Each structure stands twice: as structure tokens, then as C-alpha cells.
Amino acid sequence: MDVQLLTYLFVAASFALYIGIAIYSRAGTTDEFYVAGGGVHPVANGMATAADWMSAASFISMAGIIAFMGYDGTVYLMGWTGGYVILALLLAPYLRKFGQFTVPDFIGTRYYSTTARVVAVICLIVISFTYVAGQMRGVGIVFSQFLNIPIFWGVVVGMAIVFMYAVLGGMKGITYTQVAQYCVLIFAYLVPAIFISLLITGIPIPQVGLGAQVTDGSGLSVLEKLDNTLVGLGFGPYTEGSKSTVDVFAITMALMIGTAGLPHVIVRFFTVPKVSDARKSAGYALLFIALLYTTAPAVGAFARLNFVETVHNTPYTQIAGWFKSWEDIGLIGWEDKNEDGRIQYHPGAPFEGKPTFADARRPDGSRAITNPTTQSANEVYVDRDIMVLANPEIASLPGWVIALVAAGGLAAALSTAAGLLLVISTSVSHDLLKKTFARGLSDKQELFYARVSAATAIAIAGYLGIDPPGFVAQVVAFAFGLAAASLFPAILLGIFDQRMNREGAITGMLAGLIFTFGYIVFFKFVEPSMNTSEHWWFGISPEGIGTIGAIINLTLALVISRLTAPVPQDVVAMVHRIRVPRG
Amino acid sequence: MKDDNQAYWRANIRLLLILLAIWFTVSFGFGILLVDQLNQIPFFGFKLGFWWAQQGSIYVFVLLILVYSLLMQRIDRKFGVSDDEEEEQ
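Residues numbered from 1 in each chain as written. Chains lettered and ligands numbered in written order. Predicted model: local features only at pLDDT ≥ 70, side-chain atom pairs only at ≥ 80, totals over all residues. Heavy atoms only, no water.

A. Structural detail: the overall build of chain A. Scanning chain A from N- to C-terminus turns up 21 helices and six strands. Against the 2.2 N^0.38 benchmark of 25 Å for 583 residues, chain A shows a C-alpha radius of gyration of 24 Å, consistent with a compact globule. In terms of overall dimensions, chain A has C-alpha extents of about 80 × 55 × 45 Å along its principal axes. Buried residues in chain A amount to 62% of all 583 residues. Of the contacts formed within chain A by residues at least 6 apart in sequence, a portion of 80% connects residues at least 24 apart. Measuring between centres, the 34 positive side-chain charges of chain A sit 16 Å from its 36 negative side-chain charges. (Helix = DSSP H or I, 4+ residues; strand = E, 2+ residues; numbered from the N terminus. Rg over C-alpha atoms; globule rule 2.2 N^0.38 Å. Buried < 20%, exposed > 50% of the residue type's maximum accessible area, 1.4 Å probe, protein only. Contact = heavy atoms within 4.5 Å. Lys, Arg positive; Asp, Glu negative; His and termini not counted. Charge placed at Lys NZ, Arg CZ, Asp CG, Glu CD.)

Shown next as C-alpha cells:
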């Protein structure tokens, strides 16, 4: 059977499974819609959390980013896993004990203030929409590359599926579909990784293969060979970074505390029955996540090695089919600068900006590029996002593995999109309507509005996926920076500092939010030309500035809370209550 | 807060601080601040600092949460605040 047909089969089968689960687990009450009735087993919740968390970025982009960044890719590996330690130890058990539906719920109640609740809702909506647009885009890319469906229809199909189980099933439907999606995505990620590890090192465990000897008789380990090869081509060594230590530190910290402050992750811990289950569940979640995250650096290193070996100095007329098919959709571009008919791969951009292709092809069949060329010896443009998707083809794996990767990429994107859409709709129907502007809503009406806002959010997300504003890729830093600088400190202090009051928390959140927002907007949009380390404060890039934002938030909140009115007695009692599991 | 609950909270904080110290050491310590020094040491085909950054720290993170979950359960029971009714009988 050909790859195309297999891919259709795999994707259709996985979609049928998700829809079946959605119909089986419809939500009847707000309790079921928001937190799956609070009755999810910790292992199931761990899998759902892992699928919720591992997005199109984790599945499709991360190994590619690591492949090209080497050691510097560490910030994502540690940042996106270490956050779970903070979440499990400092937030999840206490928020579970608090026992409401949303993150703004906690902030609004703990700080006895509607203003605090609304500020939290705004943070949550900005963070979640930024994120969800990227997921829909991922769905579109997978559909267009593997199924030859235009991105528009790809996104529409994705929206329809998410609509089915998010609007009907709410958190209950989402949770059990995410369990299935985790199984699909981890299988799809590990199978090609194991194959490639076997091919390159003869060892079936990628985590071990990364340090093992290459089977080409050179006696070098994978990383040594990669270091040597890259240095030979003029790159820095793979295992050493080019970012400054302070920046790596700040980015890792911002990603960690940003992860711990992400509403769609936190809310997953509201769905388990008990406090002790919330702790266990966080452990399972990270275990399931670590399976992918410890495989990713191996996938990245293998991919880079394979890429260099199959592309560099190869005549275009003899290049593999995958190179041409990704060139066809514009994610690879080649300019034969020295006119020898061979592809040269070196550091630096081959030409200015992303490739724009002329209508005509060159005599050898490659696509002519109209961009002005640069001085560098490099002739290849390659979009980092294609590495995981192209990896099975680069390594010449069987067709069913390629089909599996497509289904896995879709599972990763859809599961995260659903989780995000749910927290958006919940915060609108519950926090903005029920708790702020329309207090008299009955349970039934609230459920109706939750479904309406979920449907609206899906439509907006779909639009962002089809017609993404140019800055989508750049605003990922926003989501984590803002979560780190606004929500995380407010929740942390709400649990661990019983003297933290309304005035301190609101000032802290706003200061952290505005500082971080301002810094990122300045360097990314107002003066992009100044976005270099000599202009950054303390040498910290916009990606890492959430760390400073969080420090500002914490400091201001502590100072102001000590200078203003003390916390009311009933709130102190609530803080004492959430600190103890029983009762 | 009752005395018992205060003692419980102190035991909780003590455990948190120990685990967070380990969390910080393996990630920010071994993976970032000391990475150049540790990279001088070979480790099963890896440079040791690189291994901590891209593999070791993540394994330790998983262990930390599992250990936390187990030890907290024990502290909960010792102070009689566990929410796990069946296991107490």
C-alpha cells in the first residue's frame, strides 16, 4: 500500500476513536463539563495531562530546534519538564484542595476581589489564544504535507473534530480522548526514534543510542561524530552552546515557572478525586512526558547527523525524494551559489529572509529563488519544523512509520488545542458570566454558555490557524513569560504567604504583566533591530525576561502587602484549610 | 492554626526545601552553571555536563515528584491529616 493511503487510514482510524470516546463520555452537568466530575484516576489524568501539555511544538518542532541548536536546546528540555516539579510541589495539591473550577476562581477567592479575578481571566485568555493558534497551524501543516489537503480544509477538519469532543464532552470528553491521544502520539514518536537509533548505533533505546558508538567503524560516539562533522563544516560543536550562561539560566527559569503557571495544565489537577491523587498524578504526568522529552535530544542529534550526511556535497540530481517534496511546499530552498550542481551545507543564512520562489524551475528541476544571496558559503535553507516529520523519510523507514508520525502529530496538536479551548470557555462562562456579570445563572444556563463560548473559541482559533498573523511564532515567548510573571507568583503567594493581601497581589500581577509585556513588545516589534545581547537588560533575551518579571511581581507584592490592610479572617481560614489534605 | 497543623506545615516546608534544592542543583547547577567543568568528564559516550542538561536532570525531576508523593503521604498519616481513608484502616 502506498504511504498516502496508509496515512489516510491511520488518521481516519484515530479520529474515529476520538469521536467514539467523545460520544461515550458526554458531559451532563457543569461539574462534568469543567472538571470531569472530579473523578479521574491519577494514571489516566497523568496521561491526559501529558497529552494536554505536549503540543504540536513538542511533537513536531522541539527535536528540530534541538537538532539545530545543540546544547542551547537544553532550555526547552529542562524548562518544559522542570516546571512540573514546581507544579507538583508548590501548586497542584493545594489548588486541588481549594476545589473550584478555574485558576481565576482561586485568585478571585483568595484575594477577595473581582478585579483580581478579571485580571487573571485576561492573563489566561491572552496566554491560551497565543498557544492555540500555533496548534491549529500544526494541524494545517500535517494535513497539507501528508494528505495533500489545502491548509484551509485541514484546519476545518481539525476544528470539526475538536468541536465534537470539546463542546459535547467538556472536560470529561477531553480527558478520555486525551488518554487515547497520548497513546497514539507517544507510540508515533518512539517507533521512528527506535528505528533510527538502531540504524545509526545498533542500540534500540534512543536515550542510550545518543551516547553510543556509530556503526560506521569510526569508533566515535554519535555526539563526538556530530561535533567533528559540524566543526569541519564551520559550525560550533553540537555539545557546546552559543548563548550566554545568564540567558540560558533566565530562559530555563521562565519556561519552568511559566509551565507551572499555565492555566490549562493547572486545571487538569482539579479533575482528580483527592489531594494525594493530585500529587501522584503530577508524577505520572511527568513520567509520561519524560518518555518523549528524553527521546527528543536523541531524535534531534540523529536527524542532524542524517541531514548533513545525506545533503552536504550531494549533487541536486541525486538528492533523495524527501528533499524535493519539502522543497515543493517551500520549507526547503537551495541556491547553487558556486554553480557546481552540488548542495553545500554550512553555517549562516544562504540568502536574506525566508525563500520566495520564482514560477520557473532551473534546468536541473530545482526551484529558482528570488531572494538576494548572502556572502556565506551555505546554500540550503531548511525550516526547523520539518525535521521530525521528515526524519522517517530521511532515514528511509517503511511507509507505515511515516503514516504513524502524521497521526501522532495530529494527536499532539488536537489534544492541546482542546485543553486550551476548554480553559478559555470555562473562564468566560464561569468567571466572567456566572461570577462577575451575570450572577443569577442556573447550572443549565451556565453549561449552555460554556458550550457557546467553546464553539466561539474554536472558530477564532481556526481563523488564527488558517490566516495566522505574522507574529504567531514570535509570541510563544509571551505565553510563558506572561504566565511566569503574572499568574505563577500570585498563586504561589496565595498558598505560602498567608499575609499576602488583595493590594499586594493585584499590584504584583499588573507590574509583572506590564513589565514583561513591554520588554517583549519593545524588542520583538518596536525595535527588532536592537534585539541583540548588548541591548538586553542584564543580558537577558525577551524569551527569558519572564524570570525578571516574576521577581518584580514577588518583590512588589511582598512589600505592598506589608504596608496595607491585613487579610480578612475568613480568607486566612481558607488558606489554612487548603494547606491540609483532609477535610 | 492549631499546633498540630503548624508542625505538619513545618514538616511539609522542610521536605519541600530539600527536594527543591536537589531540583535546582541538577538543572541549574549541573546542567547550566557547572556545565563547562562537567563537560571535561566523559560519561558513557556523553560529556557529563551535556548529559545532565539533556537527560539526567529530567530523570531526576521524575524521581523528585514520586519521592515527594510518597513522603508527603507518610507525613500526612503521621499527623493524621491524610485524605486516603482506606489505607489508614
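B. Representation of helix α8 (residues 151-201) of chain A in the model. All names here are of chain A. With 51 residues, α8 ought to run about 75 Å at 1.5 Å a step, yet its terminal C-alpha atoms sit only 37 Å apart, falling short of that. Along its length, α8 reaches its greatest deviation from straightness, about 130°, at G169. Just downstream of α8 lies G202, where phi reads positive at about 80°. (Expected span 1.5 Å × (residues − 1). Bend = angle between axes of the 7 residues up to and from the residue.)

C. Layout of the environment of B:R14. Among the structural elements, B:R14 can be located in helix α1 (residues 3-33). Judged by relative accessible area, B:R14 falls into the exposed class, the value being 53%.

D. A look at the interface of chain B and chain A. Counting residues at the interface gives 46 residues for chain B, matched by 53 residues for chain A. A combined buried area of about 4,300 Å² lies between chain B and chain A, and 68% of that area is made up of carbon and sulfur atoms. As a salt-bridge pair, A:D227 and B:K47 come within 3.7 Å of each other at their nearest N and O atoms. The interface formed by chain B and chain A holds 15 residue pairs in polar contact (both at pLDDT 80 or more) in total. Secondary structure elements with two or more residues in the side of chain B that touches chain A: α1, β2 (46-47), α3 (48-78) and α4 (85-88) of chain B. Considering only residue class, the side of chain B that touches chain A consists of 27 nonpolar, 13 polar and six charged. (Buried area = accessible area lost by both parts, 1.4 Å probe. Salt bridge = Lys/Arg side-chain N within 4 Å of Asp/Glu carboxyl O. Polar contact = N/O pair within 3.5 Å; in protein donor to acceptor, adjacent residues only side chain to side chain. Nonpolar A, V, L, I, M, F, W, Y, C, P; charged D, E, K, R; others polar.)

E. Expanded view of the nonpolar core. With 234 residues, the main nonpolar core has A:W53, A:F59, A:L91, A:I107, A:Y293, A:F323 and B:W23 as its most contacted residues. With 21 residues, the single largest contributor to this core is α8(A). (Core = buried A, V, L, I, M, F, W, Y, C linked by side-chain atoms within 4.5 Å.)

F. Quick peek at the confidence of the model for chain A. Across chain A, pLDDT averages 87, with 98% of residues at or above 70. Mean pLDDT across the elements of chain A bottoms out in helix α2 (residues 30-35) of chain A (80) and peaks in helix α20 (residues 546-563) of chain A (96). (pLDDT = per-residue confidence, 0-100.)

G. A look at the environment of B:I22. All names here are of chain B. Turning to its location among the elements, I22 is positioned in helix α1. The sequence separation of I22 and S57 amounts to 35 residues, and the corresponding C-alpha distance is 9.9 Å. With residues up to four places along the chain from it excluded, the contact list for I22 reads V60 and L64.

H. How the structure looks around the side chain of A:Q344. Residue and element names in this part refer to chain A. Within the fold, Q344 resides in the loop between β3 (342-343) and β4 (357-361). Side chain to side chain, Q344 and D340 meet in a polar contact 2.9 Å long. With residues up to four places along the chain from it excluded, the contact list for Q344 reads H312, N313, W334, N338, A377, N378, E379 and V380.

I. The arrangement of the packing of aromatic side chains in detail. One pass over the structure, following the stated rule, counts 42 aromatic pairs over all chains. When the centroid spacing of 6.4 Å and the interplanar angle of 75° are considered together, the rings of A:F68 and A:F307 count as edge-to-face. Here A:F68 is found in helix α4 (residues 56-69), whereas its partner A:F307 is found in helix α13 (residues 275-311), with 239 residues between them in sequence. Among the residues examined, A:F307 registers a relative accessible area of 1% and is labelled buried. A ring pair is formed by B:Y8 and B:F79, whose centres lie 5.9 Å apart and whose planes are at 70°; its orientation type is edge-to-face. Pair noted here: B:Y8 is in helix α1 and B:F79 is in the loop between α3 and α4, with a separation of 71 residues, a long-range link. Taken together, A:F68, A:F235, A:F307, A:Y316, A:W322, A:F323, A:W334 and A:Y345 form an aromatic cluster joined through their ring pairs. Cation over ring: A:R304 sits above A:F235, and NZ or CZ is 4.9 Å from the ring centre. (Phe/Tyr/Trp six-rings, centres within 6.5 Å; stacked < 30°, edge-to-face > 60°. Lys NZ or Arg CZ within 6 Å of the ring centre and 35° of its normal.)

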